[in-house]
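Here are the chains, one letter per residue:
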Amino acid sequence: MIIPAAGTAVTAQTNSTPMQTAASGSADSGETVPDASNYTRLYIDDRHQSLELKPGESTTFTVTIENGEDESVEITPQVFIPPRGERPIETDWVTIEDGNTTLDAGEEREFEFTVSVPDDAELNRYGGMIAFTDETISYPGQPARPVHSASLNVEVWKEPTVHILSDTHTYTQVKAGDSFTREIVVENTGDEAVPVNPQLQNEQQRHAVRYPPNSREMLDRSWLTIDAPNEIAPGETATIEVTVAAPSDAERGDYRAELDLGLKDPARPDRNGYWQEVSIGFQVWSQPDEPFETSFDVSDDAEDITLELSADQVRRGMSEMESPNFDVTFVSPTGDEIDAQRVRVTNSGHVNLGAERRPMPTDDSTYSSGAEGQTFSYRVEDPTAGTWSVQITPENTMQFGYDIIREESN
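About the criteria used
Residues numbered from 1 in each chain as written. Predicted model: local features only at pLDDT ≥ 70, side-chain atom pairs only at ≥ 80, totals over all residues. Heavy atoms only, no water. Pairing = 2+ DSSP bridges. Helix = DSSP H or I, 4+ residues; strand = E, 2+ residues; numbered from the N terminus. Polar contact = N/O pair within 3.5 Å; in protein donor to acceptor, adjacent residues only side chain to side chain. Contact = heavy atoms within 4.5 Å. Buried < 20%, exposed > 50% of the residue type's maximum accessible area, 1.4 Å probe, protein only. Axes fitted to C-alpha atoms, helices over the stretch in contact; angles between N-to-C directions. Salt bridge = Lys/Arg side-chain N within 4 Å of Asp/Glu carboxyl O.

(A) Representation of the sheet that holds strand β26 (residues 277-285) within the structure. If you trace the 4 strands from one edge of the open sheet to the other, you get β18-β26-β25-β21, paired in mixed fashion. Single-partner strands in this sheet number two, and they are β18 (169-175) and β21 (199-200). Sheet topology places strand β25 (residues 253-260) next to β26; 8 bridges connect them, and they run antiparallel. The residue bridging Leu259 from the neighbouring strand is Val278, located in β26.

(B) Molecular detail of the side chain of Thr306. Of note, Thr306 is situated in strand β28 (residues 302-312). Of note is the side chain of Thr306, whose polar atom sits 3.2 Å from the side chain of Arg379. Discounting residues that sit within four places of it in the chain, Thr306 has contacts with Tyr378, Arg379, Asp403, Ile404 and Ile405.

(C) Quick look at the environment of Ile164. Relative to the elements of secondary structure, Ile164 occurs in strand β17 (residues 162-164). Distance from Ile164 to Ile184, taken between C-alpha atoms, is 7.3 Å for residues 20 residues apart in sequence. Setting aside anything within four residues of it in sequence, one finds Ile164 in contact with Ile184, Val185, Val186, Leu261, Leu263, Trp275 and Gln276.

(D) Highlighting the pairing of strand β13 (residues 124-131). Summarising burial for β13: 7 of the 8 residues are buried, a large majority. Relative to β13, strand β8 (residues 78-80) is paired through 3 bridges, and the arrangement is antiparallel. Pairing of Val79 across the sheet is with Ile130, part of β13. Here 2 bridges tie strand β9 (residues 87-88) to β13, and the two strands are oriented parallel to one another. If you follow Pro88 over to β13, its bridge partner there is Gly127. Of the strand pairs in this sheet, β13 and strand β16 (residues 149-156) are connected by 8 bridges, and their pairing is antiparallel. Bridge pairing in β16 links Tyr126 to Val154.

(E) Examining the sheet that holds strand β32 (residues 337-339) more closely. The antiparallel open sheet is built from 4 strands, whose spatial order is β27-β35-β31-β32. At either end of the open sheet lies a strand with only one pairing partner, and these are β27 (292-298) and β32. Shown here is a sheet whose adjacent strand axes are inclined to one another by a mean of 25 degrees, direction ignored. Across 7 bridges, strand β31 (residues 325-331) lies against strand β35 (residues 386-395) in antiparallel orientation. Paired with Val328 across the strands is Ile392, a residue of β35.

(F) Molecular detail of the pattern of salt bridges. As enumerated under the stated definition, the model contains 9 salt bridges in all. Note that Arg41 and Glu69 form a salt bridge whose closest N and O atoms lie 3.9 Å from each other. You can see Arg41 sitting in the loop between β3 (33-34) and β4 (42-44) and its partner Glu69 sitting in the loop between β6 (58-67) and β7 (73-74), a full 28 residues away along the chain. Take Arg41: its relative accessible area is 39%, and that puts it in the partly exposed class. One continuous salt-bridge network, built from bridges that share partners, spans Glu86, Arg125 and Glu155.

This is how it looks when you write it as structure tokens:
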């Protein structure tokens, strides 16, 4: 049978709620609170039901109730709609089994409920309760609610028809004065065109800020150019291009742009917008005008000086890698400058078979590998003893490490 809703103020079947005052020792404010000893003792398992159903689908669940009284109790299951909270479930979606509702003393029984979502149901999250008796409980400042109940939440959903095929979280580097372009591929498998309206989150009262969040630097909207179609036709795939151009005087550091693509999937509720948000993180760096310089001592026993410089490849754009390079000059104790010649180059990398792969749609690589690094070696033979220095000008790298090795004879 279909059980109509028990309304909160008009149709709910409620008894007067037994109360006790603060003088009984349950509160200090003088407000009344429920006296639990006057309620029927019913013990309910499976009190929280959370269902996911598509329009036209149905499912059945059971709730187990045990009578803790010394006498039989009449169970009156009904749908109860709280006056506030989530969107109320439609009462005619819920069917409660017909049959004997008398629960003998100490008896335990399962009660069966069926939820059927109609074909034209709106996509959303719905909430309500199943009340098993007409007893209610009240707290100060809150509406009455059933004492013996189970919560019921139903998420009405459909298979999404709009899919973002690209990674929604990316991180790259850009040299001040340069730019990079991020391509976001979107597929529409539905039967109707999908609008596209990309916007920075700070244009929707949310921030696109330099990281960390408390930095004073804001990402200027003029840095970004967005090229996107107005809509994506049914069965089509489209590309949204976001170009970030860091001005030559940009302060170096980490930045993040949070982009709302403005997609509307008819198979997703409007309240679920997180799926079409894209985070573009990048680090701005600048090419130094002056070389890095450090000094070191060379003993009389030194046969040569070897300088080893290690650096990661810098990323140009989202995928193209650019090899680092160095201009190295040694300065002897007498002030003579020696242009060092590179004598060795070593490539190094790292492969992790347990790391998560984040391929692009056309990338089916088996291996998950990090950025490749290189080590460059420079050498000076038969150095004179004394204090030397070395000047290092990097190119195409954001950071580098150095080792200065002196081979000494016994």
